[in-house]
Amino acid sequence: VQLVESGGDLVQPGGSLRLSCAASGLTFSIYEMTWYRQAPGKERELVAAISSAGGITKYADSVKGRFTISRDNAKNTVYLQMNSLKPEDTAVYYCNGHRRTVFREYDYWGQGTQVTVSS
C-alpha cells in the first residue's frame, strides 16, 4: 500500500494550495480518508476527514470555512483545497487511509508534504 502526498509549497498568507494524496495497493473506495498535520514541536492533529463515498466530511474548527476535503474514487485520490492560508497552517500534512472491520483495523500513512505559510 502506498499513499503519496503532493502539492505542498511555500505560500504567502492569504494564498491557496491544493494538496493531493494518490493511493495505490488498496481498494480506495472503501477507506475513510483523513488529512492530518504536524507543526514543529506540536502533536499531530486532524485537519479534515471524508467518508468512503465522499458524502460525509469533518473539519477541525481552525480550518472550517477555509479548507475543503474531496475525493475522486475513480482516480484513487483525495484532495485538500486550502484557501486563506495563515502562518499557523504551516506544518507537514499527512494523508491517512483508515478502515475498520469486525476482525481488524487497517491504517495507512503517507510520507507527508510540507506546507509553509510565510511572507
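These lines cover the structure that appears in this document, whether it is placed above or below.

Conventions we followed
- Residues numbered from 1 in each chain as written.
- Predicted model: local features only at pLDDT ≥ 70, side-chain atom pairs only at ≥ 80, totals over all residues.
- Heavy atoms only, no water.
- Disulfide = S-S within 2.5 Å.
- Helix = DSSP H or I, 4+ residues; strand = E, 2+ residues; numbered from the N terminus.
- Polar contact = N/O pair within 3.5 Å; in protein donor to acceptor, adjacent residues only side chain to side chain.
- Contact = heavy atoms within 4.5 Å.
- Salt bridge = Lys/Arg side-chain N within 4 Å of Asp/Glu carboxyl O.
- Buried < 20%, exposed > 50% of the residue type's maximum accessible area, 1.4 Å probe, protein only.
- Pairing = 2+ DSSP bridges.

Here we take up the state of the cysteines. Throughout this description, disulfide means a covalent bond between two cysteine sulfur atoms. The final tally for this structure, using the stated rule, is 1 disulfide. Two residues, Cys21 and Cys95, share a disulfide whose sulfurs are 2.1 Å apart. Across the S-S bond linking Cys21 and Cys95, the dihedral sits near -80°, which makes this disulfide left-handed. Of the two residues, Cys21 sits in strand β3 (residues 17-24) while Cys95 sits in strand β9 (residues 91-100), which places them 74 residues apart along the sequence.

In this section: the side chain of His98. With respect to the secondary-structure elements, His98 resides in strand β9. Separated by 3.3 Å, the side chains of His98 and Asp107 make a polar contact. If we ignore the near neighbours within four places in the chain, the residues touching His98 are Tyr31, Glu32, Glu105, Tyr106 and Asp107.

Below, the discussion takes up the pattern of salt bridges. Under the counting rule described, the total for this entry stands at 5 salt bridges. Close ionic contact of Glu45 with Arg37 constitutes a salt bridge, the shortest N to O distance being 2.6 Å. For Arg37, a relative accessible area of 6% puts it in the buried group. With a shortest N-O distance of 2.9 Å, Asp89 and Arg37 are connected by a salt bridge. Of this pair, Asp89 sits in the loop between β8 (77-82) and β9 while Arg37 sits in strand β4 (residues 32-38); the two residues are 52 residues apart in sequence, bridging distant segments of the chain. When sorted by exposure, Asp89 lands in the same class as Arg37, which is buried.

With a phi angle near 55°, Asn76 is a residue other than glycine that sits in the positive phi range. Structurally, Asn76 is set in the loop between β7 (67-72) and β8. Overall, the relative accessible area of 25% leaves Asn76 in the partly exposed class. Positive phi, close to 50°, is recorded for Ser84, a residue that is not glycine. According to the relative accessible area criterion, Ser84 is partly exposed, its value standing at 40%.

The subject of this paragraph is the pairing of β9. With 7 of its 10 residues buried, β9 lies for the most part within the structure. Judged from the 7 bridges that link them, β4 and β9 form a sheet pairing that is antiparallel. Bridge pairing in β9 links Glu32 to His98. Of the strand pairs in this sheet, β9 and strand β11 (residues 113-117) are connected by 3 bridges, and their pairing is antiparallel. Residue Tyr93 lies in a different strand from β11, and its bridge partner there is Thr113.

This part covers the pairing of β11. Only one face of β11 is buried: it carries Thr113, Val115 and Val117, and the other face, with Gln114 and Thr116, is open. By the bridge criterion, 2 bridges tie strand β2 (residues 10-11) to β11 in an arrangement that is parallel. Opposite Val11, over in β11, you have Val117 as the bridge partner.

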